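# A structural walkthrough
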Amino acid sequence: MTDPRLARLARLAGLIRDARLARLAESAAEVAALEARIAALPDVAEPADDPAEALAALRHLRWAAERRAALAAERAALLLGHEQAKVEARTALSRADVLERLAARGRGQLS
């Protein structure tokens, strides 16, 4: 007979696992969205005959380069959080798996 406390622990571990997996998916989506924003920034200027247009295009490129650098720093922080979310999800998956196996065997007893 399975200890009811073990069954409750297995259910709780499953809920924690689901929350960690959801956080991992959110984290991946945040990284992907930021990478799309970085990719959307221009990296070449369109040729212009008018010097004022050429100057404006170069200023825009300088702004884009500065913005790209700021977003790259933000991306690094997001990637760090994403890696942490992977570790937490992996831990939660392992914990839930072990507890579910113990509860399924029907002989898990907590002391």
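The text that follows walks through the structure, step by step, so that each part is easy to find. (Residues numbered from 1 in each chain as written. Predicted model: local features only at pLDDT ≥ 70, side-chain atom pairs only at ≥ 80, totals over all residues. Heavy atoms only, no water.)

For the rest of this paragraph, the subject is the overall build of the protein. A tally of regular secondary structure across the protein gives 2 helices and 0 strands. Taken over the C-alpha trace, the protein has a radius of gyration of 25 Å; the compact-globule value for 111 residues is 13 Å, which it surpasses by more than 25%. In terms of overall dimensions, the protein has C-alpha extents of about 85 × 15 × 15 Å along its principal axes. The burial tally for the protein puts 19% of its 111 residues in the buried class. (Helix = DSSP H or I, 4+ residues; strand = E, 2+ residues; numbered from the N terminus. Rg over C-alpha atoms; globule rule 2.2 N^0.38 Å. Buried < 20%, exposed > 50% of the residue type's maximum accessible area, 1.4 Å probe, protein only.)

Quick look at the packing of helix α1 (residues 4-40) against helix α2 (residues 51-105) now. Closest axis-to-axis distance for the α1/α2 pair is 7 Å, and the angle between their directions is 160°. Here α1 lies roughly antiparallel to α2, going by the angle between them. Crossing angle aside, the handedness with which α1 passes α2 is left-handed. For the contact of α1 with α2, a count of residues per class yields 23 nonpolar, 4 polar and 13 charged. (Axes fitted to C-alpha atoms, helices over the stretch in contact; angles between N-to-C directions. Parallel < 35°, antiparallel > 145°, perpendicular 65-115°, else oblique. Left-handed = near helix turned anticlockwise from the far one by under 90°. Nonpolar A, V, L, I, M, F, W, Y, C, P; charged D, E, K, R; others polar.)

A few words on the pattern of salt bridges. Here the structure, examined in full by the defined rule, presents 8 salt bridges. Residue R20 pairs with E88 through a salt bridge whose shortest N-O separation is 4.0 Å. Of this pair, R20 sits in helix α1 while E88 is found in helix α2, placing the two residues 68 residues apart along the sequence. The exposure class of R20 is partly exposed, given its relative accessible area of 35%. The exposure class assigned to E88 is partly exposed, which follows from its relative accessible area of 33%. The closest approach of N and O atoms between R23 and E30, which form a salt bridge, is 3.9 Å. Taken together, the shared-partner salt bridges connect R17, D18 and E100 into one network. (Salt bridge = Lys/Arg side-chain N within 4 Å of Asp/Glu carboxyl O.)

Side chains three or four residues apart in an α-helix point the same way, a direct result of the helix having 3.6 residues per turn. The end-to-end C-alpha distance of α1, which contains 37 residues, comes to 54 Å, matching closely the 54 Å that a straight helix rising 1.5 Å per residue would cover. In this structure, the buried residues of α1 make contact with α2. (Expected span 1.5 Å × (residues − 1). Contact = heavy atoms within 4.5 Å.)

This brings us to α2. Look at α2: 78 Å from first C-alpha to last across 55 residues, which is about the 81 Å you get at 1.5 Å a residue. Taken together, the buried positions of α2 are L61, A64, L71, H82, A85, A89, A92, A96 and L99. Buried residues along α2 sit in contact with α1. Residue G106 follows α2 closely and has a positive phi angle near 80°.

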